[in-house]
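Fold and contact review
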Amino acid sequence: MWAVFAQEIEPAEDVDTPIEWMLLTTVATDTFEDACQRIAWYSKRWGIEVYHRTLKSGCVLKTAD
């Protein structure tokens, strides 16, 4: 298991708390480039999770008449 720690260095001025994120993965992560790729993978997955949660909550898609 590998741990990737991501920390927001320069958050927007209106942000009180910068993002700190610990990602645990079973995919070998030995370099900075590897870590960036794992973060990119998971950030895409997060969007998919939000999409599924929206659908499960009863989202109704309307079609044009």
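Further up the page is the structure itself.
Everything quoted here is computed from the prediction, not taken from an experiment. (Residues numbered from 1 in each chain as written. Predicted model: local features only at pLDDT ≥ 70, side-chain atom pairs only at ≥ 80, totals over all residues. Heavy atoms only, no water.)

**Let's talk about the overall build of the protein chain**
The condition is simple: Counting from the N terminus, the helices are the DSSP runs of H or I reaching at least four residues and the strands are the DSSP runs of E reaching at least two. Per-residue accessibility, obtained with a 1.4 Å probe over protein chains only, is compared with the maximum for each type, and a residue is labelled buried under 20%, exposed over 50%, and partly exposed between these values. Note on definitions: a residue-residue contact is assigned when non-hydrogen atoms from the two residues lie within 4.5 Å. Using a 1.4 Å probe, accessible areas were evaluated by the Shrake-Rupley method; residue-level cover was limited to the displayed protein chains.
A tally of helices and strands in the protein chain yields 1 helix and 2 strands. Residues counted as buried form 11% of the 65 residues belonging to the protein chain. In the protein chain, of all internal contacts separated by at least 6 residues, the share reaching a separation of at least 24 is 25%. Carbon and sulfur atoms make up 57% of the accessible area of the protein chain, which totals about 5,900 Å².

**Let's talk about the pattern of salt bridges**
We count it as follows: A side-chain nitrogen of Lys or Arg and a carboxyl oxygen of Asp or Glu constitute a salt bridge if their distance falls within 4 Å.
All chains considered together, the criterion is met by 1 salt bridge. Between R45 and E49 there is a salt bridge, and its shortest N-O distance comes to 3.3 Å. Taken as a pair, R45 and E49 lie in helix α1 (residues 32-56) at a separation of 4 residues, close to a single helical turn.

**Details of the packing of aromatic side chains**
Between two aromatic rings, the relevant description is the distance of the centres plus the angle of the planes. The criterion, for reference: Classification of ring pairs rests on two measures: the distance between centres of Phe, Tyr or Trp rings, Trp counted by its six-membered ring, which must be within 6.5 Å, and the angle between planes, read as stacked under 30 degrees, edge-to-face over 60 and tilted in between.
Tallied over the full model, the rule gives 1 aromatic pair. Seen in terms of ring centroids, W21 and Y42 are 5.4 Å apart; in terms of plane orientation they differ by 50 degrees. Their pairing is tilted. Separated by 21 residues along the polypeptide, W21 in strand β2 (residues 20-25) and Y42 in helix α1 bring together distant segments of the chain.

**Considerations on the side chain of R38**
Filter applied, for reference: Asp and Glu count as negative and Lys and Arg as positive, but His and the ends of the chain are not part of the count.
Residue placement: R38 occurs in helix α1. Buried and without a salt bridge, R38 has D34 as its closest oppositely charged side chain, separated by 4.1 Å. Leave out the neighbours within four places in its chain, and R38 touches L23, V27, A28 and T29.

**A few points about the environment of W21**
For W21, a relative accessible area of 27% gives the class partly exposed. When the C-alpha positions of W21 and Q7 are compared, they lie 6.4 Å apart, and in sequence the two are 14 residues distant. Discounting chain neighbours no more than four positions away, the residues touching W21 are V4, F5, A6, I39, Y42 and S43.

Treat this as a map of the structure, not an account of what it does.
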